[in-house]
Amino acid sequence: MGTSYRDRIKKPVDIIKQPWLDFQRLIAQVICKLVCSRVKKRARPERIEKVLFIRRNRLGDAVNTLPALQALKLSCPDIEIHVLANKYNSIIYDNSPVVSKVYVIDEKWFLSKLTFFMNPVFKSVQSEKYDMVVGLGGYSSALAQLVLWSKGKYSVGPVSKKDTFYNLFFDQGVKPIEGKDQHHTEDMAALVRAAGFNLSKKLPFPEIKGSETVDNGVIAICPDVNRKQSEYSIENFEILIRQLSQLEFIKKICLFLESEDSKYRKLEKEGVTWVKTDSVKSFIIELSKCQYAISTEGGSAHIASALGLYLVTISGMDHKTYWQPFGKNTSIIERHNNVNDIMPEEIIKQMCLIKDEAI
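This section reports on the structure supplied with the text. Worth saying up front: this structure is predicted, and the values here are computed from it rather than measured.

### A word on the nonpolar core
Right, on to step 1. One finds Phe 53, Leu 69, Ile 92, Phe 197, Leu 287 and Ile 303 to be the most contacted residues of the largest nonpolar core, which totals 54 residues.
Right, on to step 2. Top contributing element to this core by residue count: helix H3 (residues 66-75), with five residues.
Right, on to step 3. Here Leu 287 is in contact with Ala 220, Cys 222, Phe 256, Ser 300, Ile 303, Ala 304, Leu 307 and Leu 309, once residues within four sequence places are set aside.
Right, on to step 4. Membership of the second largest hydrophobic core comes to 30 residues, among which are Phe 237, Leu 244, Ile 253 and Leu 257.

In structure tokens, the structure reads:
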């Protein structure tokens, strides 16, 4: 129900409507609980040789699944790891050294979730006859359906805190961990551990493949961001770039943008080189040639971290402990709801600190 009864009263009809909706939800939960108590779950196969992991969206979240997959490969080197992803985030798994095969699904095909069972990609997925299918993410009806229609011999995935019919789609349901201040990678690892795999307590840093050559002294600036509260001003970036140009270890400053029409193209007048990339794949290749990166929070920061760059991330969000890039030479500077309170000098200082500590 989420909000209190009083908060849901917006107009006179809600005095009758809201209690009726609450009653319907209660009946549905009771029925679901009765059904769940009588459904016989399949036993986990004794031998696991091939596993399909499903991660639906977001670049950063896809990167955050890699530590669990890498830890699994270290623990069980003979296991074949496949991934079902969407077109947007599949490149992360294409560039992972532990993923053997990637299937790509268009969730908007035909009638979207209503016709998942007809989606042509499942003909190939089902022919693999997976020993196990694991949904990686938070509770989602779409994720539950994707796991169901993959038709593995055993399934694991995130379930709702409340009893819902989608909870029935998993042989092993995993409820969210509450009250723990941990990184998103640990949530993903919890799902893999619930599948019966022993992962190392300390997860490896995510790793994606890029260019084989790195240009020492090149720093990438990635200013584009989706969340308004993390939008660093052009004026602050101009000051930052001028100060970076004075550092002895910085030989070249490259600008990476989501669109050639980005307002941050104005920064070129400060002498930075705009690197044109027309896909996430080309972005990864070109970014991997750099040694350093300064990025606003988002997918670019997670990718830079997974490529092993010396990274400073700037953010106007909170809860950095949960979502910050998970990497060896990374740092995050956060000002909740006012990212422009972060002075360029602070970013420079943090980058120098990361560099010195890594030597």
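### Things to note about the packing of aromatic side chains
Right, on to step 1. Scanning the model with the defined rule gives nine aromatic pairs in all.
Right, on to step 2. With centroids separated by 5.7 Å and ring planes inclined at 65°, the aromatic side chains of Trp 109 and Phe 110 adopt a geometry described as edge-to-face.
Right, on to step 3. Trp 109 gets classed as partly exposed once you look at its relative accessible area, which sits at 29%.
Right, on to step 4. With a centroid separation of 5.7 Å and an interplanar angle of 85°, the aromatic rings of Phe 237 and Tyr 264 are classed as edge-to-face. With Phe 237 in helix H8 (residues 234-244) and Tyr 264 in the loop between strand E8 (252-256) and strand E9 (273-275), this pair connects stretches of sequence that are 27 residues apart. Assigned by exposure class, Phe 237 and Tyr 264 land together as buried.
Right, on to step 5. Each residue in the set Tyr 232, Phe 237 and Tyr 264 is aromatic and connected to the rest through ring pairs, giving one cluster.
Right, on to step 6. Against the face of Tyr 130 rests Lys 50, its NZ or CZ located 5.6 Å from the ring centre.
Right, on to step 7. The ring centre of Trp 274 lies 3.7 Å from the NZ or CZ of Arg 265, which sits over that ring.

### Notes on the pairing of strand E11 (residues 310-315)
Right, on to step 1. Of all six residues in E11, six are buried, a share of seventy percent or more.
Right, on to step 2. As paired strands, strand E10 (residues 292-296) and E11 are joined by five bridges and run parallel to one another. Its bridge partner lying in E11, Thr 296 is registered against Ile 314.
Right, on to step 3. With helix H10 (residues 299-306) bridging E10 and the parallel E11, this β-α-β connection has right-handed handedness.
Right, on to step 4. Where E11 and strand E12 (residues 330-334) come together, five bridges link them in parallel fashion. Across the sheet, the residue bridging to Leu 311 is Thr 330, located in E12.

### Overview of the packing of helix H9 (residues 280-287) against H10
Right, on to step 1. At a minimum axis separation of 10 Å, H9 and H10 run at an interaxial angle of 50°. Classified by the interaxial angle, the pair formed by H9 and H10 is oblique. Like other packed secondary-structure pairs, H9 and H10 cross with a definite hand, here right-handed. The segment H9 lies against H10, with Val 280, Phe 283, Ile 284 and Leu 287 engaging Ser 300, Ile 303 and Ala 304.
Right, on to step 2. Residues belonging to the contact of H9 with H10 are distributed by class as follows: six nonpolar, one polar and no charged.

### A short note on the pattern of salt bridges
Right, on to step 1. The full count for this structure, using the stated rule, is 19 salt bridges.
Right, on to step 2. The salt bridge partner of Asp 171 is Arg 42, with a shortest N-O separation of 2.7 Å. One end of the pair, Asp 171, is in the loop between strand E5 (155-158) and strand E6 (172-174); the other, Arg 42, is in the loop between helix H1 (14-38) and strand E1 (50-54), with 129 residues separating them in the sequence.
Right, on to step 3. Linking Glu 238 and Lys 269 is a salt bridge whose minimum nitrogen-to-oxygen distance equals 2.4 Å. With Glu 238 in helix H8 and Lys 269 in the loop between E8 and E9, the pair connects residues that are 31 residues apart, well separated along the chain.

Calculation rules
- Residues numbered from 1 in each chain as written.
- Predicted model: local features only at pLDDT ≥ 70, side-chain atom pairs only at ≥ 80, totals over all residues.
- Heavy atoms only, no water.
- Core = buried A, V, L, I, M, F, W, Y, C linked by side-chain atoms within 4.5 Å.
- Buried < 20%, exposed > 50% of the residue type's maximum accessible area, 1.4 Å probe, protein only.
- Helix = DSSP H or I, 4+ residues; strand = E, 2+ residues; numbered from the N terminus.
- Contact = heavy atoms within 4.5 Å.
- Phe/Tyr/Trp six-rings, centres within 6.5 Å; stacked < 30°, edge-to-face > 60°.
- Lys NZ or Arg CZ within 6 Å of the ring centre and 35° of its normal.
- Pairing = 2+ DSSP bridges.
- Right-handed = clockwise from strand over helix to strand, strands pointing away.
- Axes fitted to C-alpha atoms, helices over the stretch in contact; angles between N-to-C directions.
- Parallel < 35°, antiparallel > 145°, perpendicular 65-115°, else oblique.
- Left-handed = near helix turned anticlockwise from the far one by under 90°.
- Nonpolar A, V, L, I, M, F, W, Y, C, P; charged D, E, K, R; others polar.
- Salt bridge = Lys/Arg side-chain N within 4 Å of Asp/Glu carboxyl O.

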